[in-house]
Structures are given as C-alpha cells and as structure tokens.
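# Fold and geometry: a report
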Amino acid sequence: MLRSVRATLARFAVRRAAACQRHAPHRAALWLRLGCALSPAFADPFPALVHLYRALEDRLSALAVAHTAVRRFPGNPDAGMLLGEACQMAFRQRDALGAYEQALALEERPDAAMAAGELYLRAGEASNAAARFARAYAAGGGAAALRANAQALYQAGDIRAADEALSLWATQVPDGLERLADVRAELRGRGA
C-alpha cells in the first residue's frame, strides 16, 4: 500500500511540475525532485527532471539526476539509457557509451545498440559500431539499423558484408531495390 501511495504522490508531483514548468521552471524542478525522491520505481520524474535541467542549460544537474536513477534502480535498462543521454548532453561520450553498453547488458534493446553504435562510429571504431548496429537489427531495429550497419561496415573496409547488409535493407524499405545503387554509392563515398 505504501508503494502505491508513493507512486501516486510521484505522479502528482509530475503533474504539478508540468503545470508550472513554463512560468516557473525552478519550481517545476523542485516538484520533480520531490517526485524522484518519492517514486518507488524508475518512472516519469527522472526523465522529466533530466530534460528540464537540459532546457535550463544545467547539464551537470541532469547528469547527477541520471546517476541517481542508475544507483537507485541498477537493474533498469531505462535508467541506463537516461544516463547515456545525460552523459551525451554533458559531452562525456565515453561515459555515455558505458551507460549504453550497461543497458545492453541488462536487455537487448535496439535503441541502446543504435546509440552505442553511433558513438563507436564517431570515435572511429567502425568494426565495433557495425557489431552494435547488427545487434540493433537483431533486437528489432529494422531497416535503419541495417543501413547504419552497412555504413559502418563500409568504413571498416568490409565491402562484401556491407553490400549484403545493404541488399537486405533494400528488401525492407519502399522502393529499396530501385534506390539501392544510389544508397550504395552514397555510403561507399562516406566510407572512403
């Protein structure tokens, strides 16, 4: 019963924060901090507070909230995803990568795999990026994961595997077979 009361109070705090966010963002932050303190599970107050701090240009407070969420709910992959986003907002790419990898260790998620792949790609680790994009596809990431996988494979120098991924991509998007040659040329140009 106490758990349901705490959850109800946390939802109330989120509603109050939403009501005053536009004209009193610091009061909204107080409401959201209260919601985070009361919440018995990883829920709306945590992402709302992180995004409010981002809107207020307080990236370090957003990062602190995300770290708190991960400490309180270590088995929740959504908390890991929130930490990854907050780390990226604070320009801590390696920490963000670690958070996304931790979320992947907890649950095979296409969004975590895609985010990790993009960070590996930015870091110049194309083969690691390709592996994460392949995981994203296997977890249900769809055609976007295949296209990203092909791009990473081109950059890693594995032309045959990239062409195979791109051929599979073409079967999953409208007019993919007609666009295949253009997309292949575009991605090969990026990989060079």
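Look above for the structure.
Residues numbered from 1 in each chain as written. Predicted model: local features only at pLDDT ≥ 70, side-chain atom pairs only at ≥ 80, totals over all residues. Heavy atoms only, no water.

Let us now look at the side chain of D163. Locating D163 in the fold gives a position in helix α10 (residues 159–170). One polar contact links D163 to Y154, side chain to side chain, over a distance of 2.3 Å. Apart from residues no more than four positions distant in its own chain, D163 is found in contact with Y154, R184 and R188. (Helix = DSSP H or I, 4+ residues; strand = E, 2+ residues; numbered from the N terminus. Polar contact = N/O pair within 3.5 Å; in protein donor to acceptor, adjacent residues only side chain to side chain. Contact = heavy atoms within 4.5 Å.)

Where helix α3 (residues 45–55) contacts helix α5 (residues 77–89), the axes come no closer than 11 Å and their chain directions differ by 5°. The orientation of α3 relative to α5 falls into the category roughly parallel. On the side of α3, the interface is formed by F46, P47, V50, H51 and R54, while α5 contributes L82, E85, A86 and M89. Looking at the contact of α3 with α5, its residues break down into six nonpolar, one polar and two charged. (Axes fitted to C-alpha atoms, helices over the stretch in contact; angles between N-to-C directions. Parallel < 35°, antiparallel > 145°, perpendicular 65-115°, else oblique. Nonpolar A, V, L, I, M, F, W, Y, C, P; charged D, E, K, R; others polar.)

The subject of this paragraph is the environment of Q172. Looking at the element boundaries, Q172 is found in the loop between α10 and α11 (176–191). The contacts of Q172, once residues within four sequence positions are left out, are Y137, G142, A143 and L146.

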